[in-house]
Amino acid sequence: ADTGHQTRSVSSRPYYSLPNSSHERRSVLAVTEPPRFHSHAKGKNVRLDAHSRRATRRNSFCNGVTFTNRPIHLYEKVRLKLVAVHHGWSGALRFGFTIHDPSQMSSDDIPKYACPDLVTRPGYWAKALPERFAVRDNVLAFWVDRHGRVFYSINDEEPILFHCGIKVSGPLWALIDVYGITHEVQILDSMFAETMTTARLSTARLSTCLPQSNHDSANFNNNELENNQVVAKIANLNLSRVPGLATDNHIIPCCPNRRPRAQGVPAFLDTDLRFHPTRGPDITFSQDRMVACTNWQESNRTLMFSDRPLHIGESLFVEVGHLGLPYYGALSFGITSCDPSTLRTNELPADPDFLLDRKEYWVVYRAFPVLSSGDILSFMVLPNGEVHHGVNGASRGMLMCVDTSQSLWVFFTIHGVINQLKILGTVQSSPVTVSPSGSPGGSQYDSDSDMAFSVNRSSSASESSLVTAPSSPLSPAISPVFPPPEPSSSKNGECTVCFDSEVDTVIYTCGHMCLCNTCGLKLKKQLNACCPICRRVIKDVIKIYRP
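Conventions and cut-offs
- Residues numbered from 1 in each chain as written.
- Predicted model: local features only at pLDDT ≥ 70, side-chain atom pairs only at ≥ 80, totals over all residues.
- Heavy atoms only, no water.
- Helix = DSSP H or I, 4+ residues; strand = E, 2+ residues; numbered from the N terminus.
- Phe/Tyr/Trp six-rings, centres within 6.5 Å; stacked < 30°, edge-to-face > 60°.
- Buried < 20%, exposed > 50% of the residue type's maximum accessible area, 1.4 Å probe, protein only.
- Pairing = 2+ DSSP bridges.
- Axes fitted to C-alpha atoms, helices over the stretch in contact; angles between N-to-C directions.
- Salt bridge = Lys/Arg side-chain N within 4 Å of Asp/Glu carboxyl O.
- Arc of directions from axis to C-beta.
- Contact = heavy atoms within 4.5 Å.

Trainee: Which residues make up unusual backbone geometry, and what values go with them?
Mentor: Among all residues except glycine, the phi angle is most often negative; among peptide bonds, the trans geometry is most common. In the segment running from Cys115 into Pro116, the intervening peptide bond is cis, with an omega of 10°. Of note, Pro116 is situated in helix α2 (residues 114-118). Residue Asp137 is not a glycine yet carries a positive backbone phi of 75°. Considering the arrangement of structural elements, one finds Asp137 in the loop between β7 (124-128) and β8 (139-144).

Below, the structure written as structure tokens:
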């Protein structure tokens, strides 16, 4: 126990002074009324019960800021029971302390959000409870010690260091924001925490709460949901028909208590394809391995694979389940001949481009349009090797060409904007009709689109294992996709134009290697020049130097 303080009577001791012993701490609680919610200093959506022990947020996801009616002693645990948790919003309860007396606050002083609105003002400290702890009937306890460190625990488990640098030279009131998925909380009777010894502090866990920037993100996402009525919109989403797929009005569950399946998705999906247990260390799976989430803020190594190869003509449907940050981000899709069971977690990099040096066949696509929560993506490999995809039932054309002579697994990474992905299922469908341009009906992803690809071709398919596309102001300096091995017309590595010189040039963006550099440069200068194999527009030709 801490020592060195003059003993005072409990009744005369300030709230911010340290009780000297466990007996004195119990005495403080014996003569102090349990904390309640302040009856006047509260957000406009907060409703209190008759005893001011229970706070409920009505309407919306915000305007739920509350305070305690009295200062909190050092080491006094503010104990909150999560009475009601309603999923559908982003983020959970925010909590902390303030040096400002709520009794002196007007309604105009209380903003919509504790984070970032209050915490950017002097004398307010608060952070978010990680959503994994925001479970109904969980009991959250938090307290501050004499060093200005805030700890919290869930259901009286081991304390977690939550915040540092709290000013403890004066009285502190607890700040509680009934935010996001947290709908109702109840203040329980107080208890005192034991002093954290140096040995115990060294073993205390650090909080996995979101950093301050993600508070803005949750506010952004919730405002998008509220202002644009996204939940209602998705519930009534009318997706266009996927070519070759039957549709009806059957409802297939997606996320619990969320919305019905849209019409663009088949009524009956096979659910035998799941995520493979081999995954990046920052990914967590649901128990059935149908849902993948980033491991809180750590979302660097997020590679995940299908647990079996995707069949030719089989459509895979996945749903974007949640948004993170309101800027570009975040989803990449790929095809590989590598069986994920042969990989180890420590071999999986943050950037799948680092896998291109492996001997297996790898193709990566990154340039997806901006996606919203609830968007449904589909992917299908055609017999000719073309991989087509759609968004919300609308075909977006060809993504890439792949070598269908091998078994092919799909893989994804998610970052930033997208931090959850759900496999809805697969359906074996008839091939789509392919237009001469290589895309069904000619979509925005025809040959005029700027696409971001990376590829390596297996060593059995080509001597060149990696080709890098030129950088430009319109596209990042990344690699174009490579199709399956050259057709028979390019036997012995001869140029398909002059049939004399050796092939040493790759076409950007389609990735075909079928030209010598001389013919490639001549072809590029022609008006509306296109690849002699796939007829896609030639944006550039790149000479390849083999060792």
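On we go from here.
Trainee: An account of the packing of aromatic side chains is requested, with residue identities and associated values reported.
Mentor: Under the counting rule described, the total for this entry stands at 18 aromatic pairs. Ring plane angle 45° and centroid distance 4.8 Å describe the contact between Phe95 and Phe142, whose orientation is recorded as tilted. With Phe95 in strand β6 (residues 94-98) and Phe142 in strand β8, this residue pair connects regions lying 47 residues apart in the sequence. Note on accessibility: Phe95 and Phe142 belong to one class, buried. Ring centres 6.4 Å apart and planes at 75° place the aromatic pair Tyr113 and Tyr179 in the edge-to-face group.

Trainee: Quick one: what's the story with the sheet that holds β7, residue by residue and with numbers?
Mentor: An order of β1-β4-β11-β6-β7 is seen for the five strands of this open sheet, with the pairing classed as antiparallel. Each edge of the open sheet is held by one strand with a lone partner, namely β1 (37-42) and β7. On average, each strand axis in the sheet is inclined to that of its neighbour by 25°, with strand direction left out of account. In terms of strand pairing, β6 meets β7 through five bridges, oriented antiparallel. Each bridged residue has a counterpart across the sheet, and for Thr98 the counterpart in β7 is Tyr124.

Trainee: Hey, could you go over the pattern of salt bridges for me, with residue numbers and the actual values?
Mentor: Enumeration according to the criterion identifies eleven salt bridges in this entry. Of the charged contacts, one joins Asp189 and Arg53 as a salt bridge, the two residues approaching to 3.0 Å between their closest N and O atoms. With Asp189 in the loop between β12 (182-187) and β13 (191-192) and Arg53 in the loop between β2 (46-48) and β3 (54-57), this pair connects stretches of sequence that are 136 residues apart. Given a relative accessible area of 44%, Asp189 falls into the partly exposed group.

Trainee: An account of helix α6 (residues 517-525) is requested, with residue identities and associated values reported.
Mentor: Turning to α6, its buried residues number three or more, namely Asn517, Cys519, Gly520 and Leu523. For α6, the angular spread of buried residues about the axis comes to 160°, placing them on one side. Facing away from the buried surface of α6 by more than 90 degrees, the exposed residues are Lys522 and Lys525. Where α6 is buried, its residues touch β28 (505-508) and β29 (540-543).

Trainee: Which residues make up the pairing of strand β11 (residues 173-177), and what values do they have?
Mentor: For β11, the tally of buried residues reaches five of five residues, placing the bulk of the element in the interior. By the alternation rule, side chains of β11 split into Trp173, Leu175 and Asp177 and Ala174 and Ile176, which are all buried. Bridging between strand β4 (residues 65-68) and β11 involves three bridges; their strand directions are antiparallel. Looking across to β11, one finds that Val65 is bridged to Asp177. By the bridge criterion, five bridges tie β6 to β11 in an arrangement that is antiparallel. Paired with Gly96 across the bridge in β11 is Leu175.

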